[in-house]
Amino acid sequence: MTKKKTKGKSKTLQETIIEVCLKRGIVFPTAEIYGGSAGFFELGPVGEALRQNMIDLWRDTFIKSEDNVYEISGSTILPEKVFEASGHLDSFNDPLTQCQNCKSMYRVDHLILEQVGIKVEGQSLDDMWKVIQDNRIKCPNCKHDLSPPKQFNMMFSTNIGSTSGNIGYLRPETAQNIFLSFRRVSHSMRAKLPFGIAQIGRAYRNEISPRNFLVRLRELQQMELEMFVDPDLLNSHPRWDDFQDTEINFLSQEAQEKGDKATFITIKEGIDSGLIVNQYLGYFLAMETGFIESLGIKKGKFFFRHLLDHETAHYSKANYDLEIEFPFGVVECVGLAYRTDYDLRKHQEKSKTKLHISEDGKKIIPHVVEPSFGVDRLIYAILLASYREGDRDWTWFDFPNSLAPWEVVVAPLQRKDGLPEGARELFWELKDQGIDAIYDQTGQIGKRYARSDEIGIPLVITYDYDSLEDDTVTLRERNSMKQVRIPIQDVGTIIREFMLDIVSWDEMTKEFGEFIKNSK
RNA sequence: GCAUCAGUAGUGAAAUGGUUAUCACUCGUGCUUCCCAAGCACGCGAUCCGGGUUCGAUUCCCGGCUGGUGCACCA
């Protein structure tokens, strides 16, 4: 953690980002006019544009570029049986006890295991209370008496319909819908292993203590993919040759125990040494690396942490968290879990519905490899990674072009002499061409450049007096603050090529020459 | 959930048990042929919520909400 807030002194990066978010309509607290509600945030126009652009990028990468991944959209409220089967009802119900004196809270089962070595996980509260009393377990902190254990449920519950007793829960992860609709999707798509089902949507967790802006939320958004694979073929990924040499930044369990840093390894090295459990996990480690880089986050700034055994969820046989480094600490943004056949088996048992795939006369319950992305945390990570300050009087976001909230601002140099009319005409022309433009004629031109930079719009077109004469406009680029003068009829094409990274800004200035204002 | 600090225009700050709560920037309108938050004029805009003490509370007290930090928690 860095620095303190003391009047007029330096602010943390987090405080700075939050300030810009409020000011520029990126993110703000839910129900703010009523004092807000912890753990909930709303995206403003700029934040929502970022979110949509990131989701598009994810869909392109993890669904559209694959030959057999199908996207669904499931309900956010699910009946209780689902979570009895999935294990969330047991595992999500943490039994807690509190010290009567110092008020410290403890997970009862963890405390008992640690103090007297007895495993009580899954036992009733009364039984656990008995173990505490029989063994005279006291508060490890101050040695005083503990309270009887209480359940704390991390899932939001509700009643379905008018009768009580039909309990539903807001899903704590999007993944369960995928297992529930597995049979329908695999049949309707006539899917053959390996195939994937993806979902982008909201999930809910009643966190005890929401913290750190968009990091720990009670309502969150996920982009999840469940890849279903024949368990005998987990080490026969069809594209092995394409990704085996991809380098990833990896923090092994052993390195964590020694306190070492993450190091770069290739996927092949990871597989050969057993650090990466199978090729499908390796594939997604490589894919996740590429995706995060495309968000403008540098390869050395994030790493995969192989979770320690006690941190690994009840359903998972191996878990790799993608953690991104920032001045105040790391933000965990993506998980990669090897869920094996846990979920399908549990749902098969509970629902009495066959959840296998028939192939070559064999009945296979596929194993599941699950990359799971936290949308909100990634938005935060993008903001942090793109935030810039320096050679100008305002701050800006250096978003990758594909994430920018708008592609271009169209601005008349002044609000008179026919300039607004000309600029307006160009603005509508660009819209017709499918360019995501926004019009701004308020205030002086420099102020409009600043505002545009501040929400990370890469380009500004200025329609000036010369435009009236010769049908050219200036095009300004955010990062260099340099301009070129280009013919109006080519503007749409030029913007498109720049936004798709077909033509770089350097190439553009070479072709058109840098425009210097003819002062006075 | 515990402890602790904090909450004043959009943002950042100032002040006060008593007339109309101050300032900067932002924002809006106008002027200035004006290409990187220039200048001038005018304008909009705030004491987190509830209760108590008091003739009077933004200020003092209590409770809540929200945020920072530490602990705990994070399937």
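Report on the accompanying structure. This structure is a prediction, so every number in the text was calculated from the model and none was measured. (Residues numbered from 1 in each chain as written. Chains lettered and ligands numbered in written order. Predicted model: local features only at pLDDT ≥ 70, side-chain atom pairs only at ≥ 80, totals over all residues. Heavy atoms only, no water.)

Brief notes about helix α19 (residues 505–512)
The line we're drawing: Relative accessibility decides the category of a residue: with a 1.4 Å probe and only protein chains considered, values under 20% of the type maximum give buried, values over 50% give exposed, and everything between is partly exposed. Helix and strand assignments follow DSSP, with helices taken as H or I runs no shorter than four residues and strands as E runs no shorter than two, numbered in order from the N terminus. It is the directions from the helix axis to the C-beta atoms whose arc is reported. The contact criterion used is simple: two residues touch if any of their non-hydrogen atoms lie within 4.5 Å.
Among the residues of α19, W505, M508 and T509 are the ones counted as buried. End-on view of α19: buried residues confined to an arc of 95°, all on one side of the axis. Exposed positions of α19 whose direction lies more than 90 degrees from the buried face are D506, K510 and E511. In this fold, the buried residues of α19 make contact with β24 (459–463), β25 (472–477), β26 (483–487) and α18 (491–499). Following α19 by one or two positions, G513 has its phi on the positive side, about 80°.

Quick look at the side chain of E477
Cut-off, in case you're wondering: For this count, His and the chain ends are skipped, Lys and Arg are scored as positive, and Asp and Glu as negative. Put simply, a salt bridge is a Lys or Arg side-chain nitrogen that is within 4 Å of an Asp or Glu carboxyl oxygen.
By secondary structure assignment, the location of E477 is in strand β25. Despite its burial, E477 remains without a salt bridge, the nearest opposite charge being carried by R478 at 5.4 Å. In contact with E477, other than residues within four places in its own chain, are P458, L459, K482, F498 and W505.

Comments concerning unusual backbone geometry
The omega angle of the peptide bond from L193 to P194 is -5°, so this bond is cis rather than trans. The residue P194 is located in the loop between α8 (182–188) and β10 (195–204) in this model. The backbone of R190 shows a phi angle near 50°, a positive value even though the residue is not glycine. Phi at F213 takes a positive value of approximately 55°, unusual for a residue other than glycine. Mapped onto the elements of the fold, F213 is located in the loop between β10 and β11 (219–229).

Some remarks on the sheet that holds strand β9 (residues 167–170)
Picture the strands of a sheet paired through backbone hydrogen bonds; they go either parallel or antiparallel. Note the cut-off: Two strands make a pair as long as DSSP finds a minimum of two bridges between them. In this analysis, axes come from line fits to C-alpha atoms, helices being fitted only over the stretch in contact, and the angle between any two N-to-C directions falls in the range 0 to 180 degrees.
If you walk across this open sheet you meet the three strands as β4-β9-β8, and the pairing is antiparallel. Lying at the two open borders of the sheet, with one neighbouring strand each, are β4 (77–79) and β8 (157–159). Here the strands of the sheet are splayed against their neighbours by 40° on average, with no regard to which way each runs. With three bridges joining them, β8 and β9 adopt antiparallel strand pairing. When the bridges of β9 are listed, N159 appears paired with I167.

Describing the environment of I265
Inspection of the secondary structure assignment puts I265 in strand β13 (residues 263–266). Along the sequence, I265 and F250 sit 15 residues apart, while their C-alpha atoms lie 6.8 Å from each other. With sequence-adjacent residues up to four places away left out, I265 is seen in contact with T246, E247, I248, F250, G270 and L275.

Here we look at the side chain of R218
Here R218 lies in the loop between β10 and β11. It is E207 that comes nearest to the buried, bridge-free R218 among opposite-charge side chains, at 7.2 Å.

Concerning a negative patch on the surface
For the record, the criterion: Within the patch definition used here, like charges are joined within 9 Å and nonpolar side chains (Val, Leu, Ile, Met, Phe, Trp, Tyr) within 5 Å, considering only residues with over 30% relative accessible area and no salt bridge. Using a 1.4 Å probe, accessible areas were evaluated by the Shrake-Rupley method; residue-level cover was limited to the displayed protein chains. By convention, charge coordinates are those of NZ in Lys, CZ in Arg, CG in Asp, or CD in Glu.
A surface patch of like charges, here negative, comprises E425, E429, D432, E469, D470 and D471. Taken together, the elements giving at least two residues each to the negative patch come down to α15 (419–432) and α17 (465–470). Element by element, the count of residues in the negative patch is highest for α15, at three residues. With respect to the helices and strands, D432 occurs in helix α15. The exposed category is assigned to D432, whose relative accessible area is 66%.

As for the pattern of salt bridges
Tallied over the full model, the rule gives 26 salt bridges. The shortest N-O distance in the salt bridge between K23 and E454 comes to 3.7 Å. Note that K23 is positioned in helix α1 (residues 13–23) and E454 in helix α16 (residues 445–454), a separation of 431 residues in sequence. For R388, the salt bridge goes to D398, with nearest N and O atoms at 3.5 Å. Note that R388 is positioned in strand β20 (residues 387–390) and D398 in the loop between β21 (392–397) and β22 (408–412), a separation of 10 residues in sequence.

Digging into the packing of helix α2 (residues 45–64) against helix α12 (residues 279–294)
Put simply, the rule reads: An angle counts as roughly parallel when it lies under 35 degrees, as roughly antiparallel when it exceeds 145, as roughly perpendicular when it falls between 65 and 115, and as oblique in every other case. Note on convention: the crossing is left-handed when the near helix lies turned anticlockwise from the far helix by less than a right angle, right-handed when the turn is clockwise.
In the contact formed by α2 and α12, the axes pass within 11 Å of each other and the chain directions differ by 150°. Accordingly, the angle class assigned to the pair α2 and α12 is roughly antiparallel. Here the hand of the crossing between α2 and α12 comes out right-handed. On α12, the residues that touch M54, L57, W58, T61 and F62 of α2 are F284, M287, E288, F291 and S294.

Things to note about the packing of aromatic side chains
For the record, the criterion: For Phe, Tyr and Trp, rings pair up if their centres lie within 6.5 Å, where Trp contributes its six-membered ring, and each pair is then called stacked (planes under 30 degrees apart), edge-to-face (over 60) or tilted (otherwise). Ring-over charges, as used throughout, are those where CZ of Arg or NZ of Lys falls within 6 Å of the ring centre and within 35 degrees of the ring normal.
Counted under the stated rule, the structure contains 21 aromatic pairs. When the centroid spacing of 5.4 Å and the interplanar angle of 85° are considered together, the rings of W240 and F243 count as edge-to-face. Of the two residues, W240 and F243 both sit in helix α9 (residues 240–243), three residues apart, roughly one turn of that helix. Of the two residues examined, W240 and F243, each falls in the buried class. Centre to centre, the rings of F291 and F373 are 5.4 Å apart; their planes meet at 85°, and the pair counts as edge-to-face. Linking F291 in helix α12 with F373 in strand β19 (residues 367–374), this pair joins segments that are 82 residues apart in sequence. F373 matches F291 in its accessibility class, with the two residues each being buried. An aromatic cluster is present here, built from W58, F62, F291 and F373 joined pairwise through their rings. Directly above the aromatic system of W396 lies the positively charged group of R392, at a separation of 3.6 Å from the ring centroid. Over the face of the ring belonging to Y439 we find R424, whose NZ or CZ atom lies 4.0 Å from the ring centre.

Description of the environment of I200
In this structure, I200 sits in strand β10. The class for I200 is buried, based on a relative accessible area of 18%. Here the alpha-carbon distance between I200 and W240, two residues 40 residues apart in the chain, equals 27 Å. In this structure I200 touches I55, W58, R59, E71, I72, Q222 and M223, once residues within four positions along its chain are discounted.

Focus on the sheet that holds strand β3 (residues 69–72)
Within the open sheet, the nine strands sit side by side as β3-β10-β11-β19-β16-β15-β14-β12-β13. Their pairing is mixed. Each edge of the sheet is formed by a strand with only one pairing partner; in this case those strands are β3 and β13. When strand polarity is set aside, the average angle formed by the axes of neighbouring strands in this sheet is 30°.

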